[in-house]
Amino acid sequence: MKILGISAFYHDSAVALIDDGHIVAAAQEERFTRIKHDASFPTRALKYCLAEAGSSADNIDAVAYYEKPLLKFSRILETSMRVAPFGLNPFMAAMPSWLRNKLWIPFQIESALDQCRMQNCPPIYFPEHHFSHAASAYFPSPFESAAVMTLDGVGEWATTTLGAGQGRDLQLFQELRFPHSLGLLYSAFTYFTGFKVNSGEYKLMGLAPYGVPRYVQTILDHLIDLKPDGSFRLNMDYFGYLSGLRMTHSRFSDLFGGPPRNPESDITSRECDLAASIQAVTEEIVLRIARHLHRITDNPRLCMAGGVALNCVSNGKLLREGPFREIWIQPAAGDSGAAIGAALAVWHQLNPNAKRPETRSDAMKGGFLGPRFPSSIIRKFLDSKGYPYHLTTGEDWSRQIASLLAEQKVVGLFQGRMEFGPRALGARSILGDPRSASMQSLLNRKIKFRESFRPFAPACLEETVKQHFEIDAPSPYMLLVCPIRQEHRQATQPLQTGNLIERVNQIRSHLPAVTHVDYSARIQTVCQKTHGRFYDLIKAFEALTGVGVIINTSFNVRGEPIVCTPEDAYRCFMRTDMDVLVLEDCILFKQDQPEWKENRDWRTEFSLD
């Protein structure tokens, strides 16, 4: 039985294809359209998933959409009436999209399948939003039973749900409801500190270590009534998302000493302290909810999904200080991953006697669920364009790339199936030497073109990660932050100014390019079975340098989705100061390439995130 899972029309539209309970393919629409967080109906991702499975649309037995649109629409109507007449503006802003697209989702699905030459549309199912999240976390996990927690902005009504899975059975039994939402609380601070909602939350998380959590008590006294079990109510007098088009009211500004920061303006100590404060509050809420869930279920294992589950700092603290012995987080924890959850939920519903597919590890295949491009196709592309390259195979491939990294070269790596979810995990990655004191600044300024304070992640050999970092669990999806080991830390001198860039450039460990200001790092552990040639590359780097760690950041510039095709990768390579591009077995050096010319400034092509 083949089932398509679809998420669309909010952000990060995606499609997943399940075949007899196995995840065959999954991809976000943004990778094909080159529009970051693309919310449109994912027609291109749909065509890819069908092609990857070798299926025609006529072989699809069911379609699962990741939420109940009519229930969500009723929430918008009810909310607008409750706050009338003040909710008119957000209501009028939402209606065109609902009347044009969201109320007609079955017809949109039928039309898309018709484009794929499907004659008869299969049945369409609509699991609830948070059940799709929960299913995406539990069913692909390696656990036979687990507690389940989902946290995000809002689905239909739910913003947080608690549940448990046993075998093939998954039940949700408690929830928090809109407008009381941890995701929306965090997004309010994202907006107030000058970043884009539903896009810049990870920047707020990265900014937090530069600040002092001086506003924690202010938040607890004025914004949120937090209970011992982690449940809470927000004081809506300070928030604008019910009755206006902004996340916060003027009372919010009065509480924190002035208006929101203008996007792209200088970041001050206030923004750093606000980030530190809301991050601390978020961690406390997640810990309280997790302890409550553990008391209810008495299960040592936890599965998580929803956008808040991408807060890897909170995840790391939960693993270190929380009640659960093991935690598994859906790598595409946001709405894109709910496409997988919806399809799996429906598969289990339609196959009540089927067993979960047996696996000793999780079922996400390392997140490598997108398209791959064989070396033969890449060579045809390069030859047709006249782009010079060197062909390197076997062990020479990993040794040569490792040698280039050790020489402080920045390498764009394009190999294997594209990752599903927000993280690059070694298939569409930009790599660097973590021992370099200047590499973090170089990557931010001349490669990624992004804010200087943002840290980079280390990709580490799974068997030697404990030599460098204090971590007791694998982190294959880059979803856990942990401290660098005490013996590797270097003390920093107090600065005379509050200059953010000066703080960024201080050397804090033997791996300065991946050590954040608080001596932490967002870890990716790499094993040979899952990561193949990427593991071999890091192993070769270890043989050269004695360090089984490299910088791994996503292959894109700021505002651009991660690259999908060889053409995307070459374009990004030539637009930036990357030194080397690896396209499967083809290695390209920047100095060998013809001059790159464009008719306009490419920096205007992508909307800043």
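**So, the overall build of the chain**
So, step 1. In terms of regular secondary structure, the chain is built from 20 helices and 21 strands.
So, step 2. Viewed in the frame of its principal axes, the chain has a C-alpha envelope of about 65 × 65 × 55 Å.
So, step 3. Here the chain holds 609 residues, and the buried ones make up 59% of them.
So, step 4. Residue pairs in contact within the chain that sit at least 24 positions apart in sequence constitute 71% of those at least 6 positions apart.
So, step 5. Entry remark: accessible area of the chain is about 24100 Å², with carbon and sulfur atoms responsible for 50%.
So, step 6. With 66 positive and 66 negative side-chain charges, the chain shows a separation of 1 Å between the mean positions of the two kinds.

**Re the sheet that holds strand β2 (residues 14-19)**
So, step 1. Here five strands make up an open sheet; going across it, the order is β3-β2-β1-β4-β5 and the pairing mixed. Strands with a single pairing partner mark the edges of an open sheet, and in this sheet they are β3 (22-28) and β5 (124-125).
So, step 2. Bridge count between strand β1 (residues 2-7) and β2: six bridges; the pairing is antiparallel. Bridging across to β2, Ile-6 finds its partner in Val-15.
So, step 3. The strands touched by helix α5 (residues 105-115) within the sheet are β1, β4 (62-65) and β5, with β4 carrying the most contacts at an inclination of about 135 degrees.
So, step 4. Across the sheet, helix α13 (residues 335-350) touches β1, β2, β3, β4 and β5, and the angle it forms with β1 is around 145 degrees.

**Considering the packing of aromatic side chains**
So, step 1. Summed over all chains, the structure comprises 25 aromatic pairs.
So, step 2. Ring geometry for Phe-381 against Tyr-387: centres 6.0 Å apart, planes inclined by 75 degrees, an arrangement best described as edge-to-face.
So, step 3. Owing to a relative accessible area of 14%, Tyr-387 belongs among the buried residues under this scheme.
So, step 4. Taking NZ or CZ as reference, Arg-428 lies 3.8 Å from the ring centre of Phe-414, over its face.
So, step 5. It is Lys-590 that lies over the ring of Phe-573; its NZ or CZ is 4.7 Å from the centre.

**Describing helix α3 (residues 69-82)**
What sets the pattern is the α-helix's 3.6 residues per turn: residues three or four places apart point alike.
So, step 1. Relative to the 20 Å expected for 14 residues at 1.5 Å per residue, α3 spans 20 Å between its end C-alpha atoms, a close match to the ideal helical length.
So, step 2. For α3, the complete set of buried residues consists of Pro-69, Lys-72, Phe-73, Arg-75, Ile-76, Thr-79 and Ser-80. Around the axis of α3, the buried residues are gathered within 155 degrees of arc, so they sit on the same side. Residues of α3 that are exposed and point over 90 degrees away from its buried face: Leu-70, Met-81 and Arg-82.
So, step 3. Buried positions along α3 lie against β4, α4 (88-100) and α5.

**Focus on the packing of helix α9 (residues 216-223) against helix α11 (residues 269-297)**
So, step 1. At a minimum axis distance of 8 Å, the contact between α9 and α11 shows a crossing angle of 65 degrees. Remark: the crossing between α9 and α11 carries right-handed chirality. Residue-level contacts link Val-216, Ile-219 and Leu-220 of α9 to Ser-277, Ile-278, Ala-280 and Val-281 of α11.
So, step 2. Each residue belonging to the contact of α9 with α11 can be placed in one class, and the counts come to six nonpolar, one polar and no charged.

**A short note on the pairing of strand β16 (residues 457-461)**
So, step 1. When you tally the buried positions in β16, you get five out of five residues, the bulk of the element.
So, step 2. Residue alternation in β16 divides its side chains into two sets, Ala-457, Ala-459 and Leu-461 and Pro-458 and Cys-460, and both sets are buried.
So, step 3. Taken together, the four bridges between β16 and strand β19 (residues 549-554) define a ladder with antiparallel strand orientation. Note on β19: the bridge partner recorded for Pro-458 is Ile-551.

**Regarding the environment of Leu-581**
So, step 1. With respect to the helices and strands, Leu-581 occurs in strand β20 (residues 580-583).
So, step 2. Between the C-alpha atom of Leu-581 and that of Ile-401, which follows or precedes it by 180 residues, the distance is 9.8 Å.
So, step 3. With residues up to four places along the chain from it excluded, the contact list for Leu-581 reads Gly-412, Phe-555, Ala-569, Tyr-570, Phe-573, Cys-586, Ile-587 and Leu-588.

**A word on the pattern of salt bridges**
So, step 1. Counted under the stated rule, the structure contains 31 salt bridges.
So, step 2. Put simply, Asp-19 and Lys-2 hold a salt bridge, and the shortest N to O gap is 3.6 Å. With Asp-19 in strand β2 and Lys-2 in strand β1, the pair connects residues that are 17 residues apart, well separated along the chain.
So, step 3. Overall, Asp-19 belongs to the partly exposed group, its relative accessible area being 24%.
So, step 4. The exposure class of Lys-2 is buried, given its relative accessible area of 19%.

**What to know about the sheet that holds strand β6 (residues 145-151)**
What links the strands of a sheet is backbone hydrogen bonding, and the strands pair in either a parallel or an antiparallel sense.
So, step 1. Read across the sheet, five strands follow the order β8-β7-β6-β11-β12 without closing on themselves; strand pairing throughout is mixed. Looking at which strands have only one partner, the edges of the open sheet turn out to be β8 (169-177) and β12 (326-329). Averaged over neighbouring strand pairs, the angle between their axes works out to 20 degrees when direction is ignored.
So, step 2. As defined by bridge partners, strand β7 (residues 158-166) adjoins β8 across eight bridges and the pair is classed as antiparallel. Across the sheet, Gly-163 pairs through a bridge with Leu-172, a residue of β8.
So, step 3. Those strands touched by α11 are β6, β7, β8 and β11 (301-305), and its axis lies near 150 degrees from that of β6.

**What about the nonpolar core?**
So, step 1. In terms of nonpolar packing, the biggest core is built from 170 residues, with Met-149, Phe-189, Phe-239, Phe-256, Ile-340, Phe-469 and Leu-588 touching the most fellow members.
So, step 2. In terms of residue count, α11 provides more of this core than any other element does, 11 residues in total.
So, step 3. Beyond its immediate stretch of four places on either side in the chain, Phe-189 contacts Leu-204, Ile-219, Leu-223, Phe-252, Phe-256, Leu-274 and Ile-278.

**Quick notes on the packing of helix α7 (residues 182-192) against α11**
So, step 1. In contact at an axis separation of 10 Å, α7 and α11 are set at 175 degrees when each is read in the N-to-C sense. The orientation of α7 relative to α11 falls into the category roughly antiparallel. Contact with α7, carried on its side by Leu-182, Leu-185, Tyr-186, Phe-189 and Phe-192, involves Arg-270, Leu-274, Ile-278, Gln-279, Thr-282, Ile-285 and Val-286 of α11 and no other residues of that element.

Rules used throughout
Residues numbered from 1 in each chain as written. Predicted model: local features only at pLDDT ≥ 70, side-chain atom pairs only at ≥ 80, totals over all residues. Heavy atoms only, no water. Helix = DSSP H or I, 4+ residues; strand = E, 2+ residues; numbered from the N terminus. Buried < 20%, exposed > 50% of the residue type's maximum accessible area, 1.4 Å probe, protein only. Contact = heavy atoms within 4.5 Å. Areas by Shrake-Rupley, 256 points an atom, 1.4 Å probe, with all protein chains shown as cover. Lys, Arg positive; Asp, Glu negative; His and termini not counted. Charge placed at Lys NZ, Arg CZ, Asp CG, Glu CD. Pairing = 2+ DSSP bridges. Axes fitted to C-alpha atoms, helices over the stretch in contact; angles between N-to-C directions. Phe/Tyr/Trp six-rings, centres within 6.5 Å; stacked < 30°, edge-to-face > 60°. Lys NZ or Arg CZ within 6 Å of the ring centre and 35° of its normal. Expected span 1.5 Å × (residues − 1). Arc of directions from axis to C-beta. Left-handed = near helix turned anticlockwise from the far one by under 90°. Nonpolar A, V, L, I, M, F, W, Y, C, P; charged D, E, K, R; others polar. Salt bridge = Lys/Arg side-chain N within 4 Å of Asp/Glu carboxyl O. Core = buried A, V, L, I, M, F, W, Y, C linked by side-chain atoms within 4.5 Å. Parallel < 35°, antiparallel > 145°, perpendicular 65-115°, else oblique.

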